[in-house]
Amino acid sequence: MASLSLKGVYKRYAGGVTAVSDVNLEIEDKEFLILVGPSGCGKSTTLRMIAGLEEISEGEVYIGDTLVNEVAPKDRDIAMVFQNYALYPHMTVFENMAFALRLRKTPKDEIKRRVHEAARILDIEHLLDRKPKALSGGQRQRVALGRAIVREPKVFLMDEPLSNLDAKLRVQMRAEIGKLHRRLQTTFIYVTHDQTEAMTMGTRIVVMKDGFVQQVATPQELYDVPVNMFVAGFIGSPQMNFFKATLEKKDNAVTLTFGGNQITLPEGKAKALADKEEYFGKEVMVGIRPECIYDDEAHISAMEGSVVSAHVDNTEMMGAETYLYLLIDGASVIAKVNRRSTAAIGEDIQVAIDANKIHLFDLETEKTIIN
């Protein structure tokens, strides 16, 4: 097993394009780390530099205590699972899984033991004599995982391995990979653009944008205490709502004013702003998650200081809850409310915003003021 360390890692291409900038990561032994971000953010490039498939322009990568910048991919003791599975079509499942071991001149008995053990873990023992064309997408994905498992590597690298599967199978395979990690007790580094995948699978998540690491934290920390607007908006589904408001201090009250609406911030939030007086009298960006907006009488009565007027633009019945698409002072806002909501399209209604759950961001830097 192994820890990983990336120190000041850059990737620059000819023509001056910098794909990855100053990545510093300490990945613990047996950790399940997820690299997440939109397409083109540098997450796959970072993974490929760890694997040795991309040359590092600057910085150092360590696997355990060994500097691996100049070590060939085959000698790094890692296994990579790709998005397209990369199975050999002319070989059976057994032969595909055994291929790397045969190249290493592993004894036949040992190959057989490892392949059958991996097949048992992945529930594909009955498929060992089939060829890839006779398998479903989910079965091919398991074979690709099995081929990595038999090598018993120090580190598993996975590059969007579930993106070719349908939604139901993706959910199933997420759970399977989580179980696999717990069973193998090996370091996993997993790349995805799907924040739901990241939130449900990782022990820690690295959020990337434009080649830079934005934040490294547990799923819950990313959700509750994002460091900037990008992280706040990227993590969570539906995503966080944003609208502008003026932050004001009158007497002992701290308020947010926008249009004809005013929200009084609770004591805890007001105290957190005590050393940020430069923002008083200025516009800030307000962030609030959809599940923290309510349209029922009980919440409206209990949250008098944060009730605002809204126009219902659209509604979506999602089964367990209802999404209200609202216009609040011209800003588009989604509320995730009780499925018994009676709000109708075209209505003007009152909604309560949970002021304890408000996030404030600097308009220019987009950095968090308070969470």
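The shown structure was predicted, so the numbers you read here are calculated from the model rather than taken from an experiment.

Caption draft 1: Up close: the nonpolar core. Formed by 47 residues in total, the largest nonpolar core has its most connected members in Met97 and Ile177. The greatest single-element share of this core, amounting to six residues, is contributed by helix H3 (residues 108-122). If we skip the residues at most four places from it in the chain, Ile177 touches Phe32, Leu145, Met158, Leu162, Phe188, Tyr190 and Met201.

Caption draft 2: Expanded view of the packing of helix H4 (residues 137-149) against helix H5 (residues 167-184). Two elements in contact, H4 and H5, have axes whose closest approach is 11 Å; the angle formed by their N-to-C orientations is 15°. The orientation of H4 with respect to H5, classified from their angle, is roughly parallel. In the packing of H4 onto H5, the handedness of the crossing is right-handed. Mapping the contact onto sequence places Gly138, Gln141, Arg142, Leu145 and Ile149 in H4 and Leu169, Gln172, Met173, Glu176, Ile177, Leu180 and Leu184 in H5. Here the contact of H4 with H5 is composed, by residue class, of seven nonpolar, three polar and two charged.

Caption draft 3: Highlighting H4. The end-to-end C-alpha separation of H4 is 18 Å, in line with the 18 Å expected for 13 residues at 1.5 Å each. Of all 13 residues in H4, ten are buried, a share of seventy percent or more. If you follow the buried residues of H4, they end up packed against strand E6 (78-81), helix H2 (93-103), H3, strand E7 (155-159) and H5.

Caption draft 4: Region of interest: the packing of aromatic side chains. Enumeration according to the criterion identifies seven aromatic pairs in this entry. Ring centres 5.9 Å apart and planes at 45° place the aromatic pair Phe32 and Tyr190 in the tilted group. With Phe32 in strand E3 (residues 32-36) and Tyr190 in strand E8 (residues 187-192), this pair connects stretches of sequence that are 158 residues apart. The two residues Phe32 and Tyr190 agree in class, both being buried. Positioned above the aromatic ring of Tyr223 is the side chain of Arg289, whose terminal nitrogen or guanidinium carbon lies 3.9 Å from the ring centre.

Caption draft 5: Quick look at the sheet that holds strand E9 (residues 204-209). What the six strands build is an open sheet, ordered E6-E7-E8-E3-E9-E10; its pairing is mixed. On the outer flanks of this sheet lie E6 and strand E10 (212-217), each paired with one strand and no other. When strand polarity is set aside, the average angle formed by the axes of neighbouring strands in this sheet is 15°. Its contacts with the sheet put H4 on E6 and E7, and the angle it makes with E6 is roughly 170°.

Procedures and definitions
Residues numbered from 1 in each chain as written. Predicted model: local features only at pLDDT ≥ 70, side-chain atom pairs only at ≥ 80, totals over all residues. Heavy atoms only, no water. Core = buried A, V, L, I, M, F, W, Y, C linked by side-chain atoms within 4.5 Å. Buried < 20%, exposed > 50% of the residue type's maximum accessible area, 1.4 Å probe, protein only. Helix = DSSP H or I, 4+ residues; strand = E, 2+ residues; numbered from the N terminus. Contact = heavy atoms within 4.5 Å. Axes fitted to C-alpha atoms, helices over the stretch in contact; angles between N-to-C directions. Parallel < 35°, antiparallel > 145°, perpendicular 65-115°, else oblique. Left-handed = near helix turned anticlockwise from the far one by under 90°. Nonpolar A, V, L, I, M, F, W, Y, C, P; charged D, E, K, R; others polar. Expected span 1.5 Å × (residues − 1). Phe/Tyr/Trp six-rings, centres within 6.5 Å; stacked < 30°, edge-to-face > 60°. Lys NZ or Arg CZ within 6 Å of the ring centre and 35° of its normal. Pairing = 2+ DSSP bridges.

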